[in-house]
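Here is how the chains run, residue by residue.
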Amino acid sequence: MLTQLLTNDHGYDGPGPWWPLLPLMWFAFFILAALIFMRAGRARRSGHGRCAGEARLAERFATGEIDESEYRQRLAVLREKDR
């Protein structure tokens, strides 16, 4: 009886032919998540740079380093590069 219990596989046929798909799906998931986070970080940095440039330009105008015409001209250049 013990021999019969040890040799009986209880109908288990192994993992099947589809077993490589699960690791591939996890690999694809992690790659996709990394790409999404990288793209989000890049978008956040580019938007931050534009705002920082405009803020610095406004600061220079407020302190009197540049006049109104130069301020408007440089502001137009900053906003033109975003398009």
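Residues numbered from 1 in each chain as written. Predicted model: local features only at pLDDT ≥ 70, side-chain atom pairs only at ≥ 80, totals over all residues. Heavy atoms only, no water.

## Considering the overall build of the protein chain
Selection criterion: Strands are runs of DSSP state E lasting at least two residues, helices are runs of H or I lasting at least four, and both sets are numbered from the N terminus onward. Note on exposure labels: buried denotes an accessible area under 20% of the residue type's maximum, exposed denotes more than 50%, and partly exposed covers the range between, all computed with a 1.4 Å probe on protein chains only. The Shrake-Rupley method, run with a 1.4 Å probe sphere, supplies the accessible areas, and residue values consider only the shown protein chains as cover.
When you go through the protein chain residue by residue, the secondary structure sums to three helices and zero strands. What you see in the protein chain, going N to C, is helices and strands ordered as α-α-α. Each of the 83 residues in the protein chain was classed as buried or not, and the buried ones make up 7%. Working note: accessible area of the protein chain is about 7700 Å², and carbon and sulfur atoms make up 64% of it.

## Here we look at the packing of aromatic side chains
Rules: In this analysis, rings of Phe, Tyr and Trp, with Trp reduced to its six-membered ring, are considered paired at centre separations within 6.5 Å, and the interplanar angle assigns stacked below 30 degrees, edge-to-face beyond 60, and tilted for intermediate values.
Under the criterion given, the structure shown has four aromatic pairs. Ring centres of F29 and F30 lie 5.5 Å apart, and the angle between their planes is 65 degrees; on these two criteria the pair is classed as edge-to-face. Put simply, the rings of W26, F29 and F30 pair up and form one aromatic cluster.

## Thoughts on a nonpolar patch on the surface
Operational definition: For patch building, the residue pool is restricted to those with more than 30% relative accessible area and no salt bridge; the joining distance is 9 Å between like charges and 5 Å between nonpolar side chains (Val, Leu, Ile, Met, Phe, Trp, Tyr). When a carboxyl oxygen of Asp or Glu lies within 4 Å of a side-chain nitrogen of Lys or Arg, that pair is called a salt bridge.
A cluster of nonpolar side chains, contributed by L22, M25, W26, F29 and F30, occupies part of the molecular surface with about 580 Å² of accessible area. Along the chain, M25 turns up in helix α2 (residues 21-63).

## Here's the deal with the pattern of salt bridges
A full pass over the atoms with the stated rule returns five salt bridges. We note a salt bridge from E65 to R60, for which the minimum N-O separation is 3.1 Å. Classification of R60 by relative accessible area gives partly exposed; the value is 22%. One salt bridge connects R74 with E70, and the closest N-O pair in it is separated by 2.7 Å. With R74 and E70 both in helix α3 (residues 68-81), this residue pair falls four residues apart, about one helical turn. Residue classification places R74 among the partly exposed positions, given a relative accessible area of 36%.

## Focus on the side chain of E54
To keep things clear, this is the line we draw: Throughout this description, a polar contact denotes any pair of N or O atoms lying within 3.5 Å of each other; where both atoms belong to protein, one of them has to be capable of donating a hydrogen while the other can accept it, and for residues adjacent in sequence the pair is counted only when both atoms sit in side chains.
Positionally, E54 belongs in helix α2. Overall, the relative accessible area of 16% leaves E54 in the buried class. A polar side-chain atom of E54 sits 3.3 Å from a polar atom in the side chain of R79.

## Overview of the confidence of the model for the protein chain
Operational definition: The quantity called pLDDT is the predictor's confidence in a given residue, expressed from 0 to 100.
Of the residues in the protein chain, 73% have a pLDDT of 70 or more, and the chain-wide mean is 82. Mean pLDDT in the protein chain bottoms out at helix α1 (residues 2-7), which sits at 66, and peaks at α3, which reaches 89.

## Concerning the environment of L57
Applied cut-off: Here, residues are in contact when the closest pair of their heavy atoms is within 4.5 Å.
The residue L57 is located in helix α2 in this model. A C-alpha to C-alpha distance of 7.0 Å links L57 and Y71, two positions 14 residues apart in sequence. With residues near it in sequence (within four places) discarded, L57 still touches I66, Y71, R74, L75 and L78.

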